[in-house]
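# A structural walkthrough
Here is how the chains run, residue by residue.
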Amino acid sequence: MKKAKEAEAAAQTNVGAAQTALKDATAQADKDKAALEEAQKAGDAARATVKGWENKITQWQQFLVDEKDTSSSEHLNNLKKGIAAMKVRLGQAQDAVAEAQKAIDSALDVYGASRAK
């Protein structure tokens, strides 16, 4: 009888430990999921920025074509400089997309690992 009570107590302890571990793992998975969602939002914002710069460059390039015959060379050069500056910003935005994707990939790995526990 004593051994049965000891076994029952040990089983209760193991159940309690398992429940605590499950609760902790679930809480960590929730945190990891939130981090993943934030990384995805940052990636979406970075991609939107890239699209915005691409659109603006396209508009300015069209403006440059439209103004070619009617504007001064100084004005055309200023447009070209503006386009060049926007292309630099576009490159920076593309770099931000790449960094955001790395963060998403990392968050996916972490979240996947926490869900596997």
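Only a predicted model underlies this, so the values are computations on that prediction, with no experimental measurement involved. (Residues numbered from 1 in each chain as written. Predicted model: local features only at pLDDT ≥ 70, side-chain atom pairs only at ≥ 80, totals over all residues. Heavy atoms only, no water.)

### Quick look at the overall build of the chain
Put simply, the rule reads: Here a helix means four or more residues in a row that DSSP labels H or I, a strand means two or more in a row labelled E, and each is numbered from the N terminus. Only the C-alpha atoms count toward the radius of gyration. The rule for a globule is 2.2 Å times the residue count to the power 0.38. Relative accessible area decides the class of each residue, using a 1.4 Å probe on protein chains only: under 20% of the type maximum gives buried, over 50% gives exposed, and in between gives partly exposed. In this analysis, two residues are considered to be in contact whenever any of their non-hydrogen atoms come within 4.5 Å of each other. Working definition of accessibility: Shrake-Rupley area with a 1.4 Å probe, residue cover restricted to the visible protein chains.
For the chain, the helix and strand inventory stands at two helices and zero strands. At 28 Å, the chain has a C-alpha radius of gyration far larger than the 13 Å of a compact globule built from 117 residues. Here the chain holds 117 residues, and the buried ones make up 21% of them. The contacts in the chain between residues at least 6 apart in sequence include a share of 73% that link residues at least 24 apart. As displayed, the chain has an accessible area near 8600 Å², and 55% of this comes from carbon and sulfur atoms.

### So, the environment of D44
Along the chain, D44 falls in helix α1 (residues 2-67). As for D44 and K31, which are separated by 13 residues in sequence, their C-alpha atoms are 20 Å apart.

### Quick look at the environment of K87
By the element assignment, K87 lies in helix α2 (residues 73-116). Each C-alpha atom, one on K87 and one on K51, is 12 Å from the other, the two residues being 36 residues apart in sequence.

### Focus on α1
Heads up, the rule is: Expected span of a helix, by definition, is 1.5 Å for each gap between consecutive residues, and there is one gap fewer than residues.
For α1, which comprises 66 residues, the first-to-last C-alpha distance of 97 Å matches the rise-based estimate of 98 Å (1.5 Å per residue) to within 8%. Residues A29, D32, L36, A39, G43, A46, V50, I57, L64 and E67 constitute the buried set of α1.

### Quick look at the pattern of salt bridges
Where charged atoms of side chains with opposite charge meet at close range, the side chains can pair. Heads up, the condition is: Whenever a carboxyl oxygen of Asp or Glu lies within 4 Å of a side-chain nitrogen of Lys or Arg, that contact is scored as a salt bridge.
According to the stated counting rule, one finds three salt bridges in the structure shown. The closest approach of N and O atoms between K41 and E38, which form a salt bridge, is 3.6 Å. You can see K41 and its partner E38 sitting in helix α1, three residues apart, about one turn around the helix. K41 sits in the exposed class, given a relative accessible area of 53%. Linking E99 and K102 is a salt bridge whose minimum nitrogen-to-oxygen distance equals 3.4 Å. Residue E99 and its partner K102 are located together in helix α2, separated by three residues, close to a single helical turn.

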